[in-house]
Amino acid sequence: AAGVIQSPRHLIKEKRETATLKCYPIPRHDTVYWYQQGPGQDPQFLISFYEKMQSDKGSIPDRFSAQQFSDYHSELNMSSLELGDSALYFCAGYKKGINTGELFFGEGSRLTVL
Amino acid sequence: LAKTTQPISMDSYEGQEVNITCSHNNIATNDYITWYQQFPSQGPRFIIQGYKTKVTNEVASLFIPADRKSSTLSLPRVSLSDTAVYYCLVGDLDRGSTLGRLYFGRGTQLTVWP
């Protein structure tokens, strides 16, 4: 079965550069969540989208922005990268209304800022 | 938002039953309790979800007392491959007009020894 696809899997950037991460949820999943997980840290909620509209916002820096497109894929745009942005970024998909509580996570995109 | 508290780490041996307890004193009426498992550099994976009493699936059981202020994940006969971080999350992804969010608190590092 198709899973959540994230790309790129690995990304290396310099300070002050920009990066874009992409997330393709499972077909028919209308909700996307983004999480950031630093080394040895627990996942931190960044932002979520439902039906292409931002639904909730967590600890996402102002330098970051995200959106969900008509095909339900989502992109996380990060600008003015800092060393502290080095982390594993996960996206997770969900189909609202089925109430299983099961978020389907991708394998993550590892961002390294040098 | 309900905050969760779990032990930072636990050790067990192969074949033993492991019980991980999570405290969530300010759980809301609509909140469900969901447990995830995470291996290093991988996305979290859903284990089990419950609202009250006991839930069992092919991999685990979840015990929730009547006051719902805590929950216990029970893993029967663990193996080496169960070594992972386990997260207890409280929330409701389908809550009304405002989508709930799932916050990852400090997880429990379970180490299974031969």
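Higher on the page you've got the structure.
Each value, and the rule that gives it
Residues numbered from 1 in each chain as written. Chains lettered and ligands numbered in written order. Predicted model: local features only at pLDDT ≥ 70, side-chain atom pairs only at ≥ 80, totals over all residues. Heavy atoms only, no water. Helix = DSSP H or I, 4+ residues; strand = E, 2+ residues; numbered from the N terminus. Rg over C-alpha atoms; globule rule 2.2 N^0.38 Å. Contact = heavy atoms within 4.5 Å. Areas by Shrake-Rupley, 256 points an atom, 1.4 Å probe, with all protein chains shown as cover. Lys, Arg positive; Asp, Glu negative; His and termini not counted. Charge placed at Lys NZ, Arg CZ, Asp CG, Glu CD. Disulfide = S-S within 2.5 Å. Buried < 20%, exposed > 50% of the residue type's maximum accessible area, 1.4 Å probe, protein only. Polar contact = N/O pair within 3.5 Å; in protein donor to acceptor, adjacent residues only side chain to side chain.

**A look at the overall build of chain B**
The helix and strand inventory of chain B stands at 0 helices and 9 strands. Taking 13 Å as the expected radius of gyration for a compact globule of 114 residues, we find that chain B reaches 14 Å, a close match to that expectation. In terms of its C-alpha atoms, chain B occupies a principal-axis envelope of roughly 45 × 30 × 25 Å. In chain B, once contacts between residues fewer than 6 apart in sequence are set aside, the share between residues at least 24 apart is 57%. Approximately 5600 Å² of chain B is accessible, and the part contributed by carbon and sulfur atoms is 51%. Where the 10 positive side-chain charges of chain B centre and where its 9 negative ones centre are 7 Å apart.

**Thoughts on the state of the cysteines**
Evaluated as defined, the whole model comprises 2 disulfides over all chains. Between Cys23 of chain A and Cys91 of chain A runs a disulfide, and the two sulfur atoms are separated by 1.9 Å. Negative torsions about the S-S bond denote left-handed disulfides, and the value of about 75 degrees found for Cys23 of chain A with Cys91 of chain A makes this one right-handed. Residue Cys23 of chain A is found in strand β3 (residues 19-24), and its partner Cys91 of chain A is found in strand β9 (residues 87-94); the two are separated by 68 residues along the sequence. Residue classification places Cys23 of chain A among the buried residues on the basis of a relative accessible area of 0%. Note that Cys22 of chain B is cross-linked by a disulfide to Cys88 of chain B, the S-S spacing being 2.2 Å. When the S-S torsion is -75 degrees, as for the bridge of Cys22 of chain B with Cys88 of chain B, the disulfide is left-handed. On the criterion of sequence distance, the pair formed by Cys22 of chain B in strand β2 (residues 18-23) and Cys88 of chain B in strand β8 (residues 84-91) is long-range, its members being 66 residues apart. Look at Cys22 of chain B and you get buried, because its relative accessible area is 0%. In this structure Cys88 of chain B comes out as buried when scored by relative accessible area, which is 0%.

**Regarding the side chain of Gln38 of chain B**
Note that Gln38 of chain B resides in strand β3 (residues 32-38). For Gln38 of chain B, the side chain forms a polar contact with the side chain of Gln37 of chain A, separated by 2.8 Å. Beyond its immediate chain neighbours, meaning those up to four positions away, Gln38 of chain B contacts Gln37, Pro43 and Phe90 of chain A together with Gly43, Pro44, Ala84, Val85 and Tyr87 of chain B.

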